[in-house]
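Chain by chain, the residues:
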Amino acid sequence: SAAAGPERPQVVSHVQQALSYTVFDCKWVPRSARLLCLGSAARGSGLLQLYELHGGRLELLREIEKPKPIKCGTFGATSLQQRYLATGDFDGNLNIWNLEAPEIPVYSVKGHKEIINSIDGVGGLGIGEGAPEIVTGSRDGTVKVWDPRQNDTPVANMEPVQGESKRDCWTVAFGNAYNQEERVVCAGYDNGDIKLFDLKTMSLRWETNIKNGVCSVEFDRKDINMNKLVATSLEGKFHVFDMRTQHPTKGFASVSEKAQKSTIWQVRHLPQNRDIFMTSGGSGSLHLWKYEYPAQRSKTDSEGSEMGVAGSVSLLQNVTLSTQPISSLDWSPDKKGLCVCGAFDQTVRVLIVTKLNKI
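Residues numbered from 1 in each chain as written. Predicted model: local features only at pLDDT ≥ 70, side-chain atom pairs only at ≥ 80, totals over all residues. Heavy atoms only, no water.

Asker: Would you take a moment to explain the pattern of salt bridges for this structure?
Answerer: Where charged atoms of side chains with opposite charge meet at close range, the side chains can pair. All told, the structure shown has 20 salt bridges when counted by the stated rule. Salt-bridge contacts for Asp242 lead to Arg297; the nearest nitrogen and oxygen are separated by 3.0 Å. Of the two residues, Asp242 sits in strand 20 (residues 237-242) while Arg297 sits in the loop between strand 24 (285-292) and strand 25 (298-300), which places them 55 residues apart along the sequence. Put simply, Glu292 and Lys290 hold a salt bridge, and the shortest N to O gap is 3.8 Å. Each of Glu164, Lys195 and Glu207 takes part in salt bridges that share partners, so that together they form one network. (Salt bridge = Lys/Arg side-chain N within 4 Å of Asp/Glu carboxyl O. Helix = DSSP H or I, 4+ residues; strand = E, 2+ residues; numbered from the N terminus.)

Asker: Looking at this structure, how should I read the sheet that holds strand 20?
Answerer: The strands making up a sheet are joined through hydrogen bonds of the backbone, oriented either antiparallel or parallel. One open sheet holds the four strands; their spatial order is 18-19-20-21, and the pairing between them is antiparallel. On the outer flanks of this sheet lie strand 18 (214-219) and strand 21 (254-258), each paired with one strand and no other. Neighbouring strand axes in the sheet, compared pairwise and without regard to direction, differ in orientation by 15° on average. (Pairing = 2+ DSSP bridges. Axes fitted to C-alpha atoms, helices over the stretch in contact; angles between N-to-C directions.)

Asker: Looking at this model, I keep getting lost on the sheet that holds strand 1 (residues 11-18). Mind explaining?
Answerer: The strand order 1-30-29-28 describes an open sheet built from four strands, whose pairing is antiparallel. Two strands close off the open sheet at either side, each with one partner strand: strand 1 and strand 28 (326-331). Neighbour-to-neighbour, the strand axes of the sheet open up by a mean angle of 20°, direction not taken into account. In this sheet, strand 30 (residues 347-353) lies alongside strand 29 (residues 338-343) in antiparallel orientation, the contact comprising six bridges. Residue Ala343 lies in a different strand from strand 30, and its bridge partner there is Thr347.

Asker: Would you mind showing me how to read the side chain of Thr74 here?
Answerer: Take Thr74: it is sitting in strand 6 (residues 70-74). Owing to a relative accessible area of 6%, Thr74 belongs among the buried residues under this scheme. A polar side-chain atom of Thr74 sits 2.9 Å from the main-chain amide nitrogen of Gly76. Of the polar contacts made by the side chain of Thr74, one reaches the backbone nitrogen of Gly121; its length is 3.4 Å. Thr74 has contacts with Lys27, Tyr84, Leu85, Ala86, Ile119, Asp120 and Gly121, leaving out every residue within four places of it along the chain. (Buried < 20%, exposed > 50% of the residue type's maximum accessible area, 1.4 Å probe, protein only. Polar contact = N/O pair within 3.5 Å; in protein donor to acceptor, adjacent residues only side chain to side chain. Contact = heavy atoms within 4.5 Å.)

Asker: So what exactly am I meant to see when it comes to the UniProt feature "repeat: WD" (unreviewed entry) in the protein here?
Answerer: In this numbering, the UniProt entry assigns the feature "repeat: WD" (unreviewed entry) to residues 134-156. With 0% helix and 43% strand, the stretch residues 134-156 has end C-alpha atoms that lie 10 Å from each other. (UniProt positions renumbered as here; feature names shortened; annotations may be inferred.)

Asker: Where do I start with the state of the cysteines in this structure?
Answerer: Throughout this description, disulfide means a covalent bond between two cysteine sulfur atoms. Summed over all chains, the structure comprises zero disulfides. For Cys26, which is in no disulfide, the shortest distance to another cysteine sulfur is to Cys37 and amounts to 5.7 Å. Cys169 takes part in no disulfide bond, and the closest cysteine sulfur to it belongs to Cys186, at a distance of 9.2 Å. The class for Cys169 is buried, based on a relative accessible area of 0%. (Disulfide = S-S within 2.5 Å.)

Set out below in structure tokens:
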């Protein structure tokens, strides 16, 4: 087992804040001690709350109500100067907000026919090359890529082919944005499908099925040559794919781990160490993992084709914080080990994970 004894990282609950509404997503505001909670008020409207961390407490700076519940948000396609927040709501709207003047969105499009379940951004915050783009995944079965500088037409639209039944897309993530040309989107669906779309060639590069609804996908880094991808599922299992070597027929090598009996809602990689990631569970628990690379990451098969070799995963720490699912999770990009999570017990928690430099 990994890092035994006193050197093990500890997950410390630093601040707990009770909320009067259902929180669906929480995000650190880059280069600040501020965080956002996004969700749904009891009367069916959307809520956006901005908090600032002051020592051991959270101070509410502003609360903004919107017509529709807000499901997800990202800062990933904005500059560090602007720090605009992009959100997806229950009505299929993609909005971009200036939090200094949040009355009217700076960009708005009716992106989908149904709820936007998941959103990700790239090309902003100084992370990733290329255009500032936003990807949205929806219950309507489509995955769309938007460039807010273009009008209200997506720059890419991945939808079911003719005759294929539409699946609820639960999660989307950007990757491979290491130069101006390359970029991929990974999408996970309710039937266990994982699809990798290559935005350079506008084609489906790879697909697989993990037998259970895919709740969350994330590359360990967006702005490098694809390295690893973690996908979490409804049945308490997650899969780590080695994305460096794609075999012509077998695709990518992977290792899977049964973390718990309940749904793994989220996976988030530590921004300062891509081999450490946290998963959040339906049982109100968090698990901290470390990926260990194999001695050789690829080998040649009998046909002479390169195939990847999966590594292994070790559990560094786990903690149960809530009786309800922890549905959202975000590491601070600036302060190593600082984390925020939102749970269905209507509580947002700021956590500190210690000893991360020792592993």
